[in-house]
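# Tertiary structure, described
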Amino acid sequence: MERFDVLIVGGGPAGLAAGLVLGRCRRRVLLCDAGKPRNAPSRAMHGYLTRDGLPPSELRRIGREEVRRYGVELRDLEVVDARRVPGGGFEADLADGATIAARKLILATGMKDVLPEIAGFREFYGRGVYPCPYCDGWEMQDQPIGVFACGDQDKACRYALMMLRWSRDIVFFHHDNGAPPTGTTRELFSKHGITMCQRPIARLEGDDGRLARVVLEGGQVVPRRALFIKIGERPHSKLPERLGCDTTEEGVVGEARFHGATDVDGLYVVGDASPRVQLVSVAAAEGAAAAVNLNMAMQMEDLGVECK
Ligand SMILES: Cc1cc2nc3c(=O)[nH]c(=O)nc-3n(C[C@H](O)[C@H](O)[C@H](O)COP(=O)(O)OP(=O)(O)OC[C@H]3O[C@@H](n4cnc5c(N)ncnc54)[C@H](O)[C@@H]3O)c2cc1C
């Protein structure tokens with residue numbers, strides 16, 4: 001069986017940043033990536049210092065080139081399962097049938113957004129339908145914006161109030177028509193001119209590939225250039241759960257620990273899969289921090305130095 005110092009699962013910014021640091025520590029690293037990064041539908045990545053506006057695929061291309069330079073081995077395939085080995089370390093089964101061993105394991109497997117089964121949402125996802133105002137709010141400033149959220153009405157409405165940073169023309173669509181918002185929220189909506197649509201959305205329509213309007217059941221048309229959504233997300237992979245990490249019912253890692261460490265000895269979770277802010281720069285920083293943390297741990301293990 002092939003043996004590595006570290007197996008990194010996921011080749012987005014979190015996994016690649018971890019690989020870069022570990023490669024430079026002269027570690028034997030295998031990075032496996034199933035090739036479905038979260039921001040793939042987006043044309044440009046924003047808010048990453050010195051890389052603002054770069055296409056996400058270009059960031060990946062540069063990152064992959066950089067980690068290869070330091071001897072990190074890249075395999076474009078899924079890690080289908082992984083387990084702890086008695087006595088320490090991990091074994092992982094790869095989609096090509098191979099099983100490999102690694103002393104430490106970094107999960108940088110990311111998250112995916114839940115989209116409603118309503119016509120147009122998939123088509124415009126990342127190009128008119130956005131999950132993150134910090135990523136795409138600036139580009140949509142002063143445009144007619146929709147906010148589509150679910151769950152507790154007041155919490156959902158706060159998302160609409162936050163969007164006032166970027167536009168004064170906001171219509172709020174509630175996904176599952178839960179309990180009506182309280183008086184305070186209603187007052188704030190009316191004070192700031194936010195309109196509320198109670199009818200369910202029937203479909204989204206566009207012109208020349210750009211989102212142009214939201215059509216409600218019954219036929220009412222609401223012209224909108226962007227729809228910011230908050231209806232849920234799920235982990236890309238069940239590996240954190242399968243390896244015994246503390247997760248929520250949906251399989252989301254529950255608690256952030258020092259530099260990506262988890263309850264499971266030798267296992268690190270970084271990037272969107274960890275419970276922190278979800279941005280490319282944060283994912284890369286988490287990957288790098290975990291790499292520093294686990295390189296130190298391995299070095300002390302090798303020298304027989306006990307660290308508490
Ligand atoms: C539409 C959209 C636009 C966005 N725009 C921005 C932006 O402008 N600026 C910004 O800072 N952030 C943006 N984000 C957020 C950003 O995409 C994430 O914060 C970032 O991608 C997280 O990086 P990551 O490495 O944790 O995960 P990802 O980039 O999602 O990478 C995870 C990788 O792991 C792989 N993987 C999962 N499971 C396995 C497995 N079992 N085996 C092998 N591989 C596996 C996946 O296929 C994927 O390639 C945007 C998100 C979306 C949805």
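What you see is a predicted model, and the numbers here were worked out from it, not measured in a lab. (Residues numbered from 1 in each chain as written. Predicted model: local features only at pLDDT ≥ 70, side-chain atom pairs only at ≥ 80, totals over all residues.)

### Observations regarding the packing of helix α1 (residues 13-24) against helix α2 (residues 56-69)
Packing of α1 against α2 brings their axes to within 9 Å, and their N-to-C directions diverge by 20 degrees. With respect to α2, the element α1 is oriented roughly parallel. In this structure, α1 meets α2 at a crossing whose hand is left-handed. Counted together, Pro13, Leu16, Gly19, Leu20 and Gly23 of α1 and Leu59, Gly63, Arg64, Glu66 and Val67 of α2 form the full contact between these two elements. (Axes fitted to C-alpha atoms, helices over the stretch in contact; angles between N-to-C directions. Helix = DSSP H or I, 4+ residues; strand = E, 2+ residues; numbered from the N terminus. Parallel < 35°, antiparallel > 145°, perpendicular 65-115°, else oblique. Left-handed = near helix turned anticlockwise from the far one by under 90°. Contact = placed C-beta atoms within 7 Å.)

### Here we look at the site of the ligand
Around the ligand sit 42 residues, and of these Gly10, Gly12, Asn39, Gly110 and Gly271 come closest. Listing elements by their share of the shell around the ligand, those giving two or more residues are α1 and α8 (280-303). Class assignment of the residues belonging to the shell around the ligand gives a composition of 19 nonpolar, 17 polar and 6 charged. Per-domain counts for the shell around the ligand show at least three residues from each of domain 1 (2-112 + 233-303) and domain 2 (115-230). (Near = placed C-beta within 6 Å. Nonpolar A, V, L, I, M, F, W, Y, C, P; charged D, E, K, R; others polar. Domains from an automatic or database assignment.)

### Notes on the sheet that holds strand β12 (residues 201-207)
Taken in spatial order, the 3 strands make up an open sheet running β12-β13-β14, and their pairing is antiparallel. In the strand order of this sheet, the two ends are held by β12 and β14 (221-223), each with one partner. Adjacent strand axes in the sheet meet at a mean angle of 30 degrees, parallel and antiparallel pairs treated alike. (Pairing = 2+ DSSP bridges.)

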